[in-house]
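Fold and geometry: a report
The chain contents come next:
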Amino acid sequence: MAKKVVATLRDRSAAKSTVKCIRMVKSERSGAYSFQEEMVATEEVKEFFAGKK
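For the structure given in this document, a descriptive report is provided here.

What counts and how
- Residues numbered from 1 in each chain as written.
- Predicted model: local features only at pLDDT ≥ 70, side-chain atom pairs only at ≥ 80, totals over all residues.
- Heavy atoms only, no water.
- Pairing = 2+ DSSP bridges.
- Helix = DSSP H or I, 4+ residues; strand = E, 2+ residues; numbered from the N terminus.

Description of the pairing of strand β2 (residues 33-41)
Alignment of strand β1 (residues 18-26) against β2, held across nine bridges, turns out to be antiparallel. Bridged to K26 within β2 is Y33. Two successive antiparallel strands, β1 and β2, enclose a turn made up of six residues, where G31 displays a positive phi of approximately 85°.

Overview of the environment of G51
Structurally, G51 can be placed in the segment after α2 (45-50). In the structure, G51 is positioned 28 residues away from R23 in sequence and 9.3 Å away in space, judged by C-alpha atoms.

Now the structure itself:
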């Protein structure tokens, strides 16, 4: 059976101003890649992918 998506109780305007960003990061110790996920404001997306955040 398909899973149902549960709606959050957030304000609609706040939901549109944030996006989920996923960046692939390489570990210096082991050399393996991992994924870094974060909810970021739409104005800060470029900073997130530049590694400043």
